Amino acid sequence: MGEKPKKLLVLYASQTGNALDAAERIGREAERRGCSASIVSTDEFDASSLLHEEAVVFVVSTTGQGDSPDSFKAFWRFLLQKNLGNCWLQRVRYAVFGLGDSGYQKYNFVAKKLDKRLSDLGATTIIEKGLGDDQHPSGYEGTLDPWMMSLWSTLYQINPKYFPKGPDVKISQDEVIDQPKYRISYHKREKLDPKLLAESDIIQRACGMSPGKLFKDKTKPDCFLKMTRNEVLTKAGSTKDIRHFEFQFVSSTIEYEVGDVVELLPSQNPSAIDAFIERCDLDPESFITVGPRETENSGVNEEMITRLPIKLKTFIELTMDVTSASPRRYFFEVMSFYATAEHEKERLQYFASPEGRDDLYNYNQKERRSILEVLEDFPSVQIPFEWLVQLVPSLKPRAFSISSSPLAHPARVHLTVSIVSWITPYKRTRKGLCSSWLASLTPEQEVNIPVWFHKGSLPAPSQSLPLILVGPGTGCAPFRGFIAERSVLAQSSPVAPVMFFFGCRNKDTDFLYRDFWESHTREGGMLSEEKGGGFYTAFSRDQPKKVYVQHKICEMSKKVWDLLCDGAAIYVAGSSTKMPSDVMSALEEIVSEETGGSKEVASRWLKDLEKARRYNVEAWS
């Protein structure tokens, strides 16, 4: 009797869905070559059984400043146990593919530390880790395609039984496209309990059924907010539209701290939703439940039986991003299967192929075409709703640093938001979904906005901790909350000094919250020299030679160093592109000069501050 065919395990850890997409793609490509693959999230896999696997592919994303996805944390803690030993995984072969953004300092940090830990536990690497980069012209797929080809050929060399017909023989894609993973059940309206038509728990019901639900506890909003103020901060002549928004709590009030983050679920354009429903020939008034399709082993899905129906149009509005997110490559592949016009089928198949990757990037990602726009470009395609539920990117809450203090602004939440708008290579104007929606709201509309609060990368500092804050542009948002809170605390007890470095393009047009900062530099305010602090501005375009916050930090090197010696913590917030690393370099220079040590010693000194949570960065792209 012959040896059983080899099976590949693909373990993924995803925060926004990209790592899941990549893992599913690896699984599909393995199965096209005749190798069965299981795709499992790390929070659904028993880490103690890892030593029984022969070949494992890990797909992990890195978020923020080197953070791991929530679904990875327990798995990682298990791997760090000291009693596992350096031979624990000696029979396991593995490969790691990471998803990250090289604009961040800790680029693909999770993939790198996982690769090292697996090696330390005795596992053997199949091929060198792959590092997907959001900054690559084709995104992470620019690295994933060649990395997978190397993976298949190396696996075949290790054991031909992984691919009985060879690593290059692929089953036709028409044979591979099977049933979608999700099943839609339709319910007759007259048989429904009238309570189901109420809106109270509608978001939780919709999000709970959505395939985009990546972590188990996020379906129910913490509360709802209502806008009370929408103010433009930038002046005429600015190249940016930056707003100050204020909100009040609707019904329940959630306690938060300065430095926290709030996520808002935006509303999509109603006419675009209607156009999508019409294009896909759906009944907007029908009631549905969505759940995983039962497999041979699972039988009827019990969770689905207990789910409460929801109106199809509401489900699309709350969970499917049809108006702003661009489809993945697999969407084009599935579209090709349902195209009835031959020229459309050929173009879609080309887009879905490795050869068509760059042209697909130019058509799709570079132009940021929405699902609706792509469907309208291929009118012969009629995809079943089950496939759309699986493949349309989920509508994700957008995260913003809170710019208020619960002490200074009780029962209120303030946000500082740049309204996103840009021109594509084909001269089409695109707008950020959430920021442009917020900009369109007025207090009079009384729209209830679903929100979730959580900790960001900036821990709330104690009032006795000296602070060095660096926040150019909208990076000043969390520090407005810091200063406002410390100002309230100072009325009853002593507070430590604060240095704040702010930057923007032009003093006259982009100086956000100018009156607020300047008021705190006077009369013993939080940023006054007499309190041991200071306020330092860099207006990059107001003189021939550009000046940025890192230059101002170097100018104040003695004072920065003295405050660090007094135990100060450094907080940096703003754009992830170059600013955080430029600030780090400026601080390395100061530490090196003041101590007489090398840049390497200075770098280690600052890394020790990070470990002690005295160097905190929150950056966004």
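Check the entry above for the structure.
Everything numeric in this text was worked out from a predicted model, so none of it was measured.

Draft legend 1. Inspection of the overall build of the protein at higher detail. Counting its secondary structure elements, the protein contains 22 helices and 22 strands. Its C-alpha atoms give the protein a radius of gyration of 26 Å, within 12% of the compact-globule value 25 Å for 621 residues. By principal-axis analysis of the C-alpha atoms, the protein measures approximately 85 × 60 × 45 Å. Residues counted as buried form 53% of the 621 residues belonging to the protein. Split by element, the accessible area of the protein, about 28,600 Å² in all, is 49% carbon and sulfur. Where the 78 positive side-chain charges of the protein centre and where its 83 negative ones centre are 2 Å apart.

Draft legend 2. Broad picture of the layout of surface pockets. Considering only enclosed or pocket space, the second largest pocket measures out at about 1,000 Å³ in volume. Taken together, 39 residues line the second largest pocket, and the ones lying closest to its centre are Pro266, Ser267, Gln268, Asn269 and Trp437. Those elements giving two or more residues to the lining of the second largest pocket turn out to be helix 6 (202–209), helix 7 (270–279), helix 9 (312–319), helix 13 (371–377), strand 16 (429–431), helix 15 (433–440) and strand 17 (448–454). No other element matches the four residues that helix 15 contributes to the lining of the second largest pocket. Looking at the lining of the second largest pocket residue by residue, the classes come out as 17 nonpolar, 14 polar and eight charged.

Draft legend 3. Geometry of the pairing of strand 1 (residues 7–13). In terms of burial, strand 1 is largely enclosed, as six of its seven residues are buried. For strand 1 and strand 2 (residues 36–41), the ladder comprises six bridges, and the chain directions are parallel. In the sheet register, Tyr12 faces strand 2, and the bridge partner there is Ser41. You can see the chain leave strand 1, run along helix 1 (residues 18–32) and come back into strand 2, and the turn it takes is right-handed. Where strand 1 lies against strand 3 (residues 55–61), five bridges are found, and the strand directions are parallel. Considered in strand 3, the bridge of Leu11 is made with Phe58.

Draft legend 4. Focus on the pattern of salt bridges. In this structure the tally under the stated criterion is 31 salt bridges. Here Glu231 makes a salt bridge to Arg229, at a shortest N to O gap of 2.5 Å. In this structure Glu231 comes out as partly exposed when scored by relative accessible area, which is 28%. Note on Arg229: relative accessible area 37%, which makes it partly exposed. Among the charged side chains, a salt-bridge network with shared partners connects Arg25, Glu141, Asp145, Arg329, Arg357 and Asp358.

Draft legend 5. Structural view of unusual backbone geometry. Phi is positive for Arg368, close to 50°, though the residue is something other than glycine. Examined against the element boundaries, Arg368 turns out to sit in the loop between helix 12 (357–363) and helix 13. Its relative accessible area of 35% is what places Arg368 among the partly exposed residues. Despite not being glycine, Lys427 shows a phi value in the positive range, around 65°. With respect to the element layout, Lys427 can be found in the loop between strand 15 (421–423) and strand 16.

Draft legend 6. Representation of the nonpolar core within the structure. Judged by nonpolar contacts, the single largest core of 49 residues is most densely connected at Phe276, Phe315, Ile316, Met320 and Phe385. Beyond its immediate chain neighbours, meaning those up to four positions away, Ile316 contacts Gln268, Ile273, Phe276, Ile277, Leu282, Val322 and Phe385.

Draft legend 7. View of the sheet that holds strand 12 (residues 310–311). The strand order 7-11-12 describes an open sheet built from three strands, whose pairing is antiparallel. In this open sheet, the two edge strands, each paired with only one partner strand, are strand 7 (182–187) and strand 12. Inspection of the sheet shows strand 11 (residues 287–292) paired to strand 12 by two bridges, in the antiparallel sense. Each residue of the ladder has a partner; that of Ile288, found in strand 12, is Ile310.

Draft legend 8. Geometry of the sheet that holds strand 8 (residues 223–232). Pairing is antiparallel in the open sheet, where six strands are placed in the order 13-10-17-8-9-14. Every interior strand has two partners, whereas the edge strands, strand 13 (398–401) and strand 14 (412–418), have only one. With strand direction ignored, the average angle separating the axes of adjacent strands in the sheet is 40°. Sheet analysis places strand 8 next to strand 9 (residues 242–250), joined by eight bridges and oriented antiparallel. By the bridge assignment, Phe224 is partnered in strand 9 with Val250.

Draft legend 9. Just helix 3 (residues 109–120), in detail. Given a rise of 1.5 Å per residue, twelve residues ought to cover 16 Å, and the 17 Å separating the end C-alpha atoms of helix 3 matches this to within 8%. Taken as a whole, helix 3 has its buried residues at Val110, Ala111, Leu114, Asp115, Arg117 and Leu118. At its buried positions, helix 3 is contacted by strand 3, helix 2 (73–79), strand 4 (93–100) and strand 6 (130–133). Positioned one or two residues after helix 3, Gly122 has a phi angle of 100°, which is positive.

Parameters at a glance
- Residues numbered from 1 in each chain as written.
- Predicted model: local features only at pLDDT ≥ 70, side-chain atom pairs only at ≥ 80, totals over all residues.
- Heavy atoms only, no water.
- Helix = DSSP H or I, 4+ residues; strand = E, 2+ residues; numbered from the N terminus.
- Rg over C-alpha atoms; globule rule 2.2 N^0.38 Å.
- Buried < 20%, exposed > 50% of the residue type's maximum accessible area, 1.4 Å probe, protein only.
- Areas by Shrake-Rupley, 256 points an atom, 1.4 Å probe, with all protein chains shown as cover.
- Lys, Arg positive; Asp, Glu negative; His and termini not counted.
- Charge placed at Lys NZ, Arg CZ, Asp CG, Glu CD.
- 1 Å grid on protein atoms, 1.4 Å probe; cavity = no way out; pocket = protein on both sides within 12 Å on 5 of 7 lines; lining within 4 Å.
- Points joined across faces, edges and corners; volume = space filled by probe spheres on them.
- Nonpolar A, V, L, I, M, F, W, Y, C, P; charged D, E, K, R; others polar.
- Pairing = 2+ DSSP bridges.
- Right-handed = clockwise from strand over helix to strand, strands pointing away.
- Salt bridge = Lys/Arg side-chain N within 4 Å of Asp/Glu carboxyl O.
- Core = buried A, V, L, I, M, F, W, Y, C linked by side-chain atoms within 4.5 Å.
- Contact = heavy atoms within 4.5 Å.
- Axes fitted to C-alpha atoms, helices over the stretch in contact; angles between N-to-C directions.
- Expected span 1.5 Å × (residues − 1).

The analysis is restricted to geometry; functional conclusions fall outside its scope.
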